[in-house]
Amino acid sequence: MKSPSHFATVIATVGGFVSNWTYDGEQKCVEFLKPHLSDAAKYDTNSPHTLTAGFHSLMQSLLQLFADTPITSTQLVTFFQRLLETLPSSSTPEPTSKPRPEAVIGELIVDVYWSVEMQVEEHFSAAKAALSAEPEMTEKHLDGETESLSTEKRAADGPNRTVPFVERKRRAEAGKEVLYDFLRQLLRKRIVEARICRERLDTPTLAAVNLIGDSQVMTKKEIRMRTGLFYKQNKFNLLREQSEGYTKLSAELIQSIGAPHSSSTALPTESPAVIEARARAAWEKVVGLIGYFDLDPSRALDIILDVLTTHITVHYSFFVALLKASTWHRTQLPEMSTSGMDVDHAKGSPYKGKTLDEVLIISEGERFSEPRNASKAQVCAQVLGFKFAHYQAQDVTESTPKPLYVTAALLIREGIITLEDLYPHLSPSDDDMESVYHRRYKDSISDRVAAAKVSALAVAAPLTDDSVANSSSRPRPVGADAKKPAMEKREIPNQKLGILTALLSLGAVRPSIAILTKFPWMTAAYSQVADLYLRVIRVSLQPLYETTCRPNTALVRSNTTPRPRYGANGLVQPPPRKRVLTLLAPLPPNTASSEFVFFYPPWDALIPRCTEHSDIEDVLFPMLQFLGVQVSRDFAFVTKLCRVGRVQLTAATVLDEVKSLWVRITREFLLPTISLQRSNAVCSVEVWMGVVRHLDVQTRWSLYGEWKQSLYKKHPEMRVTFVEADREAKGVLRRLSTKNVSQMSRNIAKLCYSNPCIIFTNIIKQVESYENMAATVIDAFRYVINMGFDVLSYILMDAFTDPSKQRVKDDGTNASIWLQSLAAFTGAVHRKYTLMDPEHVLKYVAHQLRNNQSNELIVLQELIYRMTGIKPLATATDSQILAMGGGPTLRVEAVASEERGSLEERPQVSLKSRERIISSLQSSDLMLSLLVLIAQHRQTCVYTAPEDHLKSIASSYDAVQGTLFQYIELLSSLLSPDAYASLLPSVYNLCCDYAIDLPAVMEIYRPKLHAAIFSHTLALQEKNDVNKLADTTEAEKRLKAKILQQKKTQDQSPALANSDLPREGSPAAVMASNAGTPVEVCNETPWLPMLEPLIADVAKVLPPKAVQVIGPAFYVTFWQMSLYDINPPFSRYDQENTRLRTLSKEANDNILALKDVSANKARRERLNSTIDSLSREMRDHIIAREFTIKRLQREKSHWFIVTDRADLATQIIQYCIHPRSLISPMDADYCVQMIRTLHGIGTPGFSTLMCYDKLLGDHVSTVVFSCTANEARSYGRFILGILRDLSAWHKDEKTYLQDNRDKRGMILPGFQRGKQEKKSLSPEDLYDWEKFKQLHNKWHKKLAVNLSACLASAEYMHIHNAIVVLQEILPVFPVSAVNSASGKAISEAMAKCIEVEHREDLKILAGAYNARFLKAKAIWEAPQVPTTNVSKVFSFVELLLSLRRKF
């Protein structure tokens, strides 16, 4: 409807033309209305409304009632003639279905004429009524009366509202005459048709223009006609009165139906033209019988429908043609093709961008146009409705027959009736459908959920007792005379369900969807509806599936086709099956003798078919939404859908819209299908391979999250599935044990196929609570498939990210039990199953580190340990620490022989798991990122939680540092040296760009530098061996020549011939000259070439003071080397070789005894291979150590350039010794050995004495307080190593003097007196042994004072770390032989600490140390000094102790 402003604009415009009509108004009005003439019949445009408003304004201008200066009738008729002449003429007659423009404009003029005439009549009636009222009525009252008129009428009145009513009545009467004259002229000029005027104008008007005779006679005829039509009952020949006519009708129908349809194809045996001709002839006979016997047409139709219902299976085509030829047909329909809709797809899909309703209209073509016989079609629907109503009566016990539903559906599908006409006659009502049937479905779901929650044993009936059963106390049965219960009221049949199933079976999609739109729950409540709907969408998808996936139909073999069998006479062919037409759909299973054929072959003709990929979104997806989760009932369709999805998602270019569509399909249909397809592994594989695996991880896991959280709650069937699967999962886990893991693994796999989120959630809960279940559960995953492991990864991440769980125990230092258990489970399951991708865990840990969360580092630790066997060495034995100074093979055998060494049970699995974790790090670009993040977090973790206790912060720091070294070991051991070297940025970039401190950077760089130097060393050694061999050969030649010469001159010089000294050029002389020759490295610089770029970078990063005093070269040398370079563990090589040879002999004995021969052979081969590797490694280690010693000898003179040895010692301790001694026990031993090495090679400028003095000075308590637990152990080991060296020198002066001289007997500068450096030292410059012992005594005393002060402190870290240090140094401190008072001081401080300490962990730690300390009392307790007055001495000591405590 157009807005009033549009009409007002047109009226105003035409009014302006009328005011200048005689001048140029008429021409302008023609030009204004001319463009709208051709579209006068198009009511969806402005043209009809513009013409109506314009004609209305023009006709009002004829009357003085509306215009002050009206135009004449002749002028207006002339105008209409001119207007019609502007229409284009055509020699071709217009089709009868499309009216001519002249006729449309004529009808419009008649309609406007009637509207103006009604306005004039209203004015006339109003004026007449006002004049007949009382004389004293004021004009104001009259005006108030006209206010009740409409807005348009008041606007039409204009200024004439104040005209006296007598004048208004006169003008109205004159206006009628003007209008009559105007209509006569229109009729004479043939502008309007008389037929239209008689149809639409009132009787007085028709009489005034002589279109009818007497108006009164015409009125009486109209009254009599209406009475006969609406109020008189027709009398027909009813069946009970005379049956001859109806008998002849039935006989005629039976005789005319013709031959039945073919039972093999269900198609008519005659052509459509023959059937149609016979149907038309039969209809003429039916009409004749109705007329001759005066039969009731409705009853005749009823008989026709009865015969159709009876013979619908084999004669439906005749009756459809008969009804189409009858007057009960709603419209004439074109012939229908039985081969489906012929849609031209050459120009792309016709459904693109269309709604589902538009898609269905396109697929139906013009079959359902506007009906021309709607009222007659309603009669047919009403007759059918009466048949359905018969079965709704309470006294009818039989149900509505299936053929009646099919008949109604067939008539609807063929367009003979409409669903809208039949729907009101079906039961139950829409309200009852919701309140009864929908409620019943909901109740059934609730009952199923409640039943699933209760175990079968709980609902079982109680056991009966025979004695009680046979007793006479049981109730008597109800006698025969008992009152019968009242008959229950019969439930109204659900005929809407029946018509829906019939419509779907015949492929009438559009009316079926109309019902499903009202009741979408019917597909879930009634399985037959879902199966029929699936039958429809299978047809819709099939064309796209065949063109996209190209299935090999030759390989398809029907399991329902009988096959030949071998009998007594050979191969016996099965008897042929008889084809039987049926109304049932889907078709019932074939029997041994019958094969069923659906009676209506063109049932799929109106179904929209998908031919383009875009049709999935426009056609299939909207149709699937009516089906919902019931798509799971057809696994074949789901398989085809997934394979089409795989083609789309693996295309070269995949649009975001396509991905979004398949995500919706997966969410709404595919995932519920997996859950409802119980234990169907193939379904999970199809969904995974077809769609899910081609989505990114974020999308997949968001789908899993919805699957776990909302999908099971959204759909009723899924609620039942959730409860059943959850109960089954808990039952399986309760029964799971190591004894039945093989059987239970199958049950777990079945649950994983259908409901992985449920089973894995329960498993994770069990593992979090019971750590010992992890190994059994992991072993039970042997049959889990790809999608199951992907869901498991999501469930693990979901469990790790649960914000409601506490990550740390109440002590603030250790990770929670659930986190430890889950981390270990995560690492183990990733190690065992290659389908588990560790990339997700690595990304999660990296994300947590970016958020400054270090609690999840335990996950990374366990993942690395389980997959590679590399674990942090927070606590290691002395033997293991010593072995860590060896080569890679020795380190592995000493620390992790069973995890990744020669005793590993499944080396192939370990090798694959190591390759997988490295591959995941490389593919995710996390290799360097994780390294940098862990190193950065090592520095920042102490600042991220300032409110936490120091114990918690220290524990966090230890965990991060342990993970860092574990990760460095992972990269350095699994990557090739070149790959590891190429991974690392420069030292300057790591320090400045990534903000990592220099000691951590040097720890990261050490494996790279070691590999480069070791390769360089072996290359030089090989070159040196070649040169030695060449020199030896040349020397032998010279020696032979000289021997010959000596024989000639032997008589001349006998003394020379008998000389014992090697002569020049002899082999002995050559070997002697080469002995001790340093390996040549570079003639221009003392530094190794691979270290020079590093030295330059360190010079930029180190503080200027450190660069000036210790220099970047020494800093690089110190941090680059390790125990491997300066302290080879030859004893550990021998021990491991001995152990491995023993194990190899045992394996060989088992082989000889025929005990597990294959396993022992493999074990023996691994052991022998490891023995060979250790031997080669030891030889290379000797070469590397010789190279290192020679290198240090060459470099030592170039390290330090300052003369202040005290400052040098301070800088070395600050930047080298102290930071590294706290890192690990191995680094602590290295620092001890490095001090010994610097002392032993006589490093110029380095004072060993000052270094020890500063290390064992007053700052010990400060260092102890600043340490973490692991650093305190390392620091204690470092002090232990220093004190062991000092104790050896303290015990033996000879050892002291020997260790302070080189091999040539020269005094080493380490214990030089004074602060100034001397180039040459004499024995007097060496620190005296007695004074050294005094220094040693002082250092023990300072240690005792510092550690006693720590024990007396109330600070937790002071006490804890002091006890840890004391535990480490207990073998060498306190010792009464060095300082007699230190033991007593420590004893008193420890006793006081145990007495006053209330913190349980410290109390336990102190008690453990005190027990060991008291056992060593003989070492630290000073001998009793004999005295005559013991009490006085004791009092004096007590006084001194009290003064010490006071001050």
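Scoring rules and cut-offs
- Note on numbering: residues in each chain are counted from 1, in written sequence order.
- Given that this is a predicted model, residues contribute local features only at a pLDDT of at least 70 and side-chain atom pairs are listed and counted only at 80 or more, while totals for whole chains, interfaces and linings are drawn from all residues.
- Here the side-chain values reflect all heavy atoms present in the structure, with hydrogen atoms and water set aside.
- Only runs of H or I of at least four residues qualify as helices and only runs of E of at least two qualify as strands under DSSP, and these elements are numbered from the N terminus.
- Burial status follows relative accessibility: with a 1.4 Å probe on protein chains alone, a residue under 20% of its type maximum counts as buried, one over 50% as exposed, and anything between as partly exposed.
- Whether two residues touch is decided by their heavy atoms; if any such pair falls within 4.5 Å, the residues are in contact.
- Computed with a 1.4 Å probe, the accessible areas rest on the Shrake-Rupley method; for each residue, only the protein chains presented here act as cover.
- Only the contacting stretch of a helix is used when fitting its axis, a line to C-alpha atoms as for every element, and angles between N-to-C directions run 0 to 180 degrees.
- Helix crossings fall into two classes, left-handed where the near helix is turned counterclockwise from the far one by less than a right angle and right-handed where it is turned clockwise.
- Only Asp, Glu, Lys and Arg are considered charged in this grouping, and only Ala, Val, Leu, Ile, Met, Phe, Trp, Tyr, Cys and Pro are considered nonpolar; every other residue, Gly among them, is considered polar.
- Side-chain rings of Phe, Tyr and Trp (the six-membered ring for Trp) are treated as a pair once their centres are within 6.5 Å; stacked means planes under 30 degrees apart, edge-to-face means over 60, and tilted covers the remaining angles.
- Residues grouped as a nonpolar core are buried Ala, Val, Leu, Ile, Met, Phe, Trp, Tyr and Cys residues, joined through side-chain atoms within 4.5 Å.
- As a per-residue measure, pLDDT reflects the predictor's confidence and takes values from 0 up to 100.
- Any Lys or Arg side-chain nitrogen located within 4 Å of an Asp or Glu carboxyl oxygen qualifies as a salt bridge.
- Disulfides are defined as pairs of cysteine sulfur atoms found within 2.5 Å of each other.

Caption draft 1: Highlighting the overall build of the chain. When you go through the chain residue by residue, the secondary structure sums to 68 helices and four strands. Scored against the burial criterion, the 1447 residues of the chain give a buried share of 47%. In the chain, 75% of the contacts between residues at least 6 apart in sequence involve partners at least 24 apart. Within the structure as shown, the chain displays about 72,800 Å² of accessible surface, and the carbon and sulfur contribution to it stands at 54%.

Caption draft 2: The packing of helix α37 (residues 817–832) against helix α39 (residues 857–868), seen in detail. Between α37 and α39, the least distance of the axes is 8 Å, while the angle of their chain directions is 35°. As α37 packs across α39, the resulting crossing turns out to be right-handed. Listed contacts from α39 to L819, Q820, A823, A824, T826, G827, A828, H830 and R831 of α37 are I858, V859, E862, L863, R866 and M867. Counted by class, the contact of α37 with α39 contains eight nonpolar, four polar and three charged residues.

Caption draft 3: Expanded view of the side chain of D1227. Among the structural elements, D1227 can be located in helix α58 (residues 1225–1240). Not counting residues within four places of it along the chain, the set of residues in contact with D1227 comprises E1003, R1006, R1220 and S1221.

Caption draft 4: Structural context of the packing of aromatic side chains. Taken as a whole, this structure holds 42 aromatic pairs when the rule is applied. Taking 6.0 Å as the distance between ring centres and 40° as the angle between the ring planes, the aromatic pair formed by Y1115 and W1119 counts as tilted. Residue Y1115 and its partner W1119 are located together in helix α53 (residues 1111–1120), separated by four residues, close to a single helical turn. With relative accessibility at 2%, the residue Y1115 sits in the buried group.

Caption draft 5: Expanded view of the nonpolar core. Within the largest apolar cluster, 331 residues are counted, with the highest numbers of intra-cluster contacts made by W707, F781, F825, I1110 and F1278. Considering each element in turn, this core owes the most residues, eleven residues, to helix α26 (residues 527–549). Residue contacts for W707: discarding those within four places in its chain leaves L671, I674, S675, Y712, M718, S754, P756, C757, M787 and V791. Among the nonpolar cores identified, the runner-up in size contains 53 residues, and V10, W21, F66 and L179 belong to it.

Caption draft 6: Broad picture of the confidence of the model for the chain. Taken residue by residue, the chain gives an average pLDDT of 83. The fraction at 70 or more is 84%. Note that pLDDT drops below 50 for residues 90–97; the model gives that stretch one contact with residues more than four away or on any other chain. Within the model, the stretch residues 457–461 combines pLDDT values under 50 with one contact to residues more than four positions away or in other chains.

Caption draft 7: Expanded view of the pattern of salt bridges. Scanning the model with the defined rule gives 61 salt bridges in all. Measuring nitrogen to oxygen at the nearest pair gives 4.0 Å for the salt bridge that ties E1421 to K1417. Shared partners join several salt bridges into a network, and the residues in it are R299, D302, D306 and K387.

Caption draft 8: Looking closely at the environment of L1088. Counting through the fold element by element, L1088 comes out in the loop between α50 (1067–1074) and α51 (1092–1101). Separated by 107 residues in sequence, L1088 and E1195 have C-alpha atoms that sit 9.6 Å apart.

Caption draft 9: Molecular detail of unusual backbone geometry. In this chain, S427 is followed by P428 through a cis amide linkage whose omega measures -5°. Relative to the assigned elements, P428 resides in the loop between α19 (419–422) and α20 (430–453). In this structure, the amide linkage connecting A585 to the following residue, P586, adopts the cis form with an omega of -5°. On the secondary structure map, P586 appears in the loop between β3 (578–582) and β4 (594–598). Even without a glycine there, the phi angle at S679 is positive, about 55°. Structurally, the position occupied by S679 is in the loop between α29 (656–676) and α30 (681–690). We classify S679 as partly exposed; its relative accessible area is 36%. The backbone of D1156 shows a phi angle near 50°, a positive value even though the residue is not glycine. Along the chain, D1156 turns up in the loop between α55 (1130–1152) and α56 (1157–1195). Judged by relative accessible area, which is 51%, D1156 ranks as exposed.

Caption draft 10: Region of interest: the side chain of H1358. Along the chain, H1358 turns up in helix α64 (residues 1356–1369). Setting aside residues no more than four positions away along its own chain, H1358 makes contact with S1261, V1264, F1265, C1350 and S1353.

Caption draft 11: Highlighting the environment of V10. Considering the arrangement of structural elements, one finds V10 in helix α1 (residues 4–19). Beyond its immediate sequence surroundings of up to four residues, V10 is in contact with F32, T50, A53 and G54.

Caption draft 12: Up close: the environment of S429. Checked against the element boundaries, S429 lands in the loop between α19 and α20. Expressed as a C-alpha distance, the spacing of S429 and I492, which sit 63 residues apart in the sequence, is 9.9 Å.

Caption draft 13: Broad picture of the state of the cysteines. Inspection of every chain in the model, using the stated rule, returns zero disulfides. Not part of a disulfide, C991 finds its nearest cysteine sulfur in C992, a span of 6.2 Å. Classification of C991 by relative accessible area gives buried; the value is 12%. Of the cysteine sulfurs around C1350, a residue in no disulfide, the closest is that of C1267, at 10.0 Å.

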